[in-house]
Amino acid sequence: MIGIIMGSISDRKIMQEAADALTELGVSFEMEIVSAHRTPDRMFEYAQSARQRGLKAIIAGAGGAAHLPGMVASLTSLPVIGVPILSSNSIDGWDSVLSILQMPGGVPVATVALNGAKNAGILAAQIVGSQDAEVAARLDRYKEELKGKVAEMNAQLKK
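What you are looking at is a predicted structure, and each value in this text was computed from that prediction instead of being measured. (Residues numbered from 1 in each chain as written. Predicted model: local features only at pLDDT ≥ 70, side-chain atom pairs only at ≥ 80, totals over all residues. Heavy atoms only, no water.)

### A short note on a negative patch on the surface
Which entries qualify depends on this criterion: Grouping into patches uses exposed residues only, defined as over 30% relative accessible area, and leaves out salt-bridged ones; the cut-off is 9 Å for like charges and 5 Å for nonpolar side chains (Val, Leu, Ile, Met, Phe, Trp, Tyr). For the area figures, the Shrake-Rupley method with a 1.4 Å probe applies, and any residue is considered shielded solely by the protein chains shown. Only one rule defines a salt bridge in this text: a Lys or Arg side-chain nitrogen within 4 Å of an Asp or Glu carboxyl oxygen. For the purpose of charge, His is not counted, nor are the chain termini; Lys and Arg are scored as positive and Asp and Glu as negative. Throughout, a charge is located at the NZ atom of Lys, the CZ atom of Arg, the CG atom of Asp or the CD atom of Glu. The helix and strand labels rest on DSSP assignments: H or I over at least four residues marks a helix, E over at least two residues marks a strand, and numbering proceeds from the N terminus.
A contiguous patch of negative charge on the surface is contributed by Glu17, Asp20, Glu24 and Glu145. Top contributing element to the negative patch by residue count: helix α1 (residues 12–24), with 3 residues. Examined against the element boundaries, aspartate 20 turns out to sit in helix α1.

Okay, here's the thing in structure tokens:
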């Protein structure tokens, strides 16, 4: 199971793309609001109990100062995938990108593109698929479907 967390309900539209990707690939998940700044005790409890609750990775989306992914990564040895979100208080999204991307040595956060929650979901599925043959097979089919979509686009282009 994958944990999907975000700092605010306003992040849900973007983070739903991670949930949709996981659903398409048959990977279970939970989705929660966990604010690094407004509910730090909840964030500590969530991150520290994640492995015992069966999570295999955590996708953490945050905008603005975007401390959630890095703080969660500091509290668990599970892989954490950060999704920088262009929020209403963001500086063109760069503050969120750099806050998640520029982690100190020893506290890695895999970081996807600004608003790139779909890729975060796929990456989380790939983490699960490294140990689960059924998920790996679904990922292989998904990649083949991508090739087919490109071939269709190319055919349309030539018309």
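Having seen it, we continue.
### A look at a nonpolar patch on the surface
This is how the line gets drawn: Throughout this description, buried means an accessible area under 20% of the type-specific maximum (1.4 Å probe, protein chains only), exposed means over 50%, and partly exposed covers the range between.
Where nonpolar side chains cluster on the molecular surface, the patch consists of Trp94, Leu98 and Leu101 and spans about 330 Å² of accessible area. For tryptophan 94, a relative accessible area of 56% gives the class exposed.

### Re the sheet that holds strand β1 (residues 2–6)
Under the convention used in this document: Strand pairing is assigned whenever DSSP detects at least two bridges linking the two strands. Contacts between residues were defined by any pair of non-hydrogen atoms, one from each residue, lying within 4.5 Å. Angles shown run from 0 to 180 degrees and are taken between the N-to-C directions of axes, each axis being a line fitted to C-alpha atoms and, for helices, limited to the stretch in contact.
Reading across the sheet, the 5 strands line up as β2-β1-β3-β4-β5 and stay open at both edges, with parallel pairing between neighbours. Only two strands of the sheet have a single partner each, and these edge strands are β2 (29–33) and β5 (110–111). The pairing of β1 with strand β3 (residues 57–63) spans 5 bridges and is parallel. Opposite isoleucine 4, over in β3, you have isoleucine 59 as the bridge partner. Against the sheet, α1 contacts β1, β2, β3 and β4 (80–85), and its axis sits at roughly 170° relative to β1. Lying on the sheet, helix α2 (residues 40–49) is in contact with β1, β2 and β3; it crosses β2 at an angle near 165°.

### Some remarks on the packing of aromatic side chains
Pairs of aromatic rings are described using the distance from one ring centre to the other and the angle between the two planes. The condition that has to hold: Ring pairs shown here join Phe, Tyr and Trp side chains whose ring centres sit within 6.5 Å, with only the six-membered ring taken for Trp; geometry is labelled stacked below 30 degrees between planes, edge-to-face above 60, and tilted in between. Only when the NZ of Lys or the CZ of Arg is both within 6 Å of the ring centre and within 35 degrees of the ring normal is a charge said to sit over the ring.
Counted by the stated rule, this structure contains 0 aromatic pairs. Its end group placed over the ring of tyrosine 46, arginine 53 keeps NZ or CZ at 4.5 Å from the ring centre.

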